[in-house]
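A structural walkthrough
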Amino acid sequence: MDRREHIETKLTRELEATHVEIVDESHLHAGHAGAAGGGGHFRALIVSPRFEGLASLARQRLVYGALAAEMEGEIHALSIRALTPSEWRA
Amino acid sequence: MSDPTHDRIDALVKEHRVLLFMKGDRRVPQCGFSATVVQILDSLLPEYATFDVLSDDEIRQAIKEYSSWPTIPQLYVGGEFQGGCDIVRELYETGELQQLLAPGA
């Protein structure tokens, strides 16, 4: 399983996400100082009923919480779009 | 329990009404996400404070715990954590950031 699949699987499980899309954008950042540690740059779209009633800050905290271990290593940067199922359908 | 680095961050966020913890400084950001937030703040404010976490490894680590947020940049307004790059951009697009930063707000 590559990093991208690992993150998708973990978010689906931890956040009961109904839809997860992860894009690995590490190649766009190759060579810059932050990439030196080996952590990747990812863009995430996560749809979960758990985001219902939460502001963006709280939603992102949930995502970061689910990926706490990964944020220490394989993820250097994560751009997050966290939507509820009804926002996603809209 | 008092932790000196925690106390330093506390003092910084209280001292500056708008404070951005970032990589690099306002004129030369060292990361695309920091640069994006600087660009947004520059368009709204003539003056605000930045702290370069690359210049201080203690703060760089401690700010993540202080805010319970694992990434840089981090924006504080009025001593309160607002978010990172995605959230700042969102607040800007909805107009909430402009309200938050308005003088006397």
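Conventions used here
Residues numbered from 1 in each chain as written. Chains lettered and ligands numbered in written order. Predicted model: local features only at pLDDT ≥ 70, side-chain atom pairs only at ≥ 80, totals over all residues. Heavy atoms only, no water. Axes fitted to C-alpha atoms, helices over the stretch in contact; angles between N-to-C directions. Helix = DSSP H or I, 4+ residues; strand = E, 2+ residues; numbered from the N terminus. Parallel < 35°, antiparallel > 145°, perpendicular 65-115°, else oblique. Left-handed = near helix turned anticlockwise from the far one by under 90°. Contact = heavy atoms within 4.5 Å. Nonpolar A, V, L, I, M, F, W, Y, C, P; charged D, E, K, R; others polar. pLDDT = per-residue confidence, 0-100. Salt bridge = Lys/Arg side-chain N within 4 Å of Asp/Glu carboxyl O. Buried < 20%, exposed > 50% of the residue type's maximum accessible area, 1.4 Å probe, protein only. Pairing = 2+ DSSP bridges. Core = buried A, V, L, I, M, F, W, Y, C linked by side-chain atoms within 4.5 Å.

Residue and element names in this part refer to chain B. The contact between helix H2 (residues 32-44) and helix H4 (residues 85-94) brings their axes to 9 Å, and the two run at 30 degrees. Between H2 and H4, the angle falls in the class roughly parallel. Considering the relative orientation of H2 and H4, their crossing is left-handed. Contact residues: H2 offers Phe33, Thr36, Val37, Ile40, Ser43 and Leu44, while H4 offers Cys85, Val88, Arg89 and Tyr92. Taken together, the residues that form the contact of H2 with H4 break down as seven nonpolar, two polar and one charged.

Further remarks concern the confidence of the model for chain B. Here chain B averages 95 in pLDDT, while 97% of its residues score no lower than 70. This prediction of the complex comes with two scores: 0.90 for pTM and 0.84 for ipTM.

Pairing between side chains of opposite charge can happen when their charged atoms approach one another. Evaluation of the coordinates by the stated rule reveals eleven salt bridges over all chains. Salt-bridge contacts for A:Lys10 lead to A:Glu70; the nearest nitrogen and oxygen are separated by 3.1 Å. You can see A:Lys10 sitting in helix H1 (residues 3-14) and its partner A:Glu70 sitting in helix H3 (residues 68-71), a full 60 residues away along the chain. According to the relative accessible area criterion, A:Glu70 is buried, its value standing at 3%. The partner of A:Arg59 in a salt bridge is A:Glu87, with the nearest N and O atoms 2.8 Å apart. With A:Arg59 in helix H2 (residues 56-66) and A:Glu87 in helix H4 (residues 85-89), the pair connects residues that are 28 residues apart, well separated along the chain. Residue class for A:Arg59 comes out buried when judged on its relative accessible area of 10%. Judged by its relative accessible area of 35%, A:Glu87 is partly exposed. Here the salt bridges share partners, and the residues they tie into one network are B:Arg8, B:Asp56 and B:Glu58.

Residues and elements named next belong to chain B. Taking strand neighbours across the sheet as the criterion, the four strands line up as E2-E1-E3-E4 in an open arrangement whose pairing is mixed. Single-partner strands in this sheet number two, and they are strand E2 (49-52) and strand E4 (80-83). Ignoring which end each strand starts from, the neighbouring axes of this sheet average 25 degrees apart. Of the strand pairs in this sheet, strand E1 (residues 18-22) and strand E3 (residues 74-77) are connected by four bridges, and their pairing is antiparallel. Across the sheet, Leu19 pairs through a bridge with Tyr76, a residue of E3. Those strands touched by helix H3 (residues 57-67) are E1, E2, E3 and E4, and its axis lies near 65 degrees from that of E3.

The next point concerns unusual backbone geometry. Cis geometry is adopted by the peptide bond preceding B:Pro73, which originates at B:Ile72 and carries an omega value of 10 degrees. Here B:Pro73 shows up in the loop between H3 and E3. Here the phi dihedral of A:Glu16 falls at roughly 50 degrees; this positive angle occurs in a residue that is not glycine. Position of A:Glu16 relative to the elements: it lies in the loop between H1 and strand E1 (19-24). Despite not being glycine, B:Ser68 has its phi angle at roughly 50 degrees, a positive value.

As for its position among the elements, B:Val28 is in the loop between E1 and H2. With 40 residues separating them along the chain, B:Val28 and B:Ser68 place their C-alpha atoms 26 Å apart.

A:Leu11, A:Ile46, A:Val63, A:Leu67, A:Leu78, B:Phe21 and B:Leu75 are the most contacted members of the largest nonpolar core, which totals 51 residues. Ignoring any residue separated from it by four or fewer positions in sequence, one finds A:Val63 in contact with A:Leu11, A:Leu15, A:Ile46, A:Phe51, A:Leu78 and A:Ile80.

Our focus in this paragraph is the sheet that holds strand E3 (residues 75-83) of chain A. All names here are of chain A. Sheet architecture is open: three strands sit in the order E1-E2-E3, paired in mixed fashion. Of all the strands in the sheet, the pair left with one neighbour each is E1 and E3. Taking each pair of neighbouring strands and ignoring which way they run, the sheet shows an average axis angle of 15 degrees. With six bridges connecting them, E1 and strand E2 (residues 40-47) associate as antiparallel partners.

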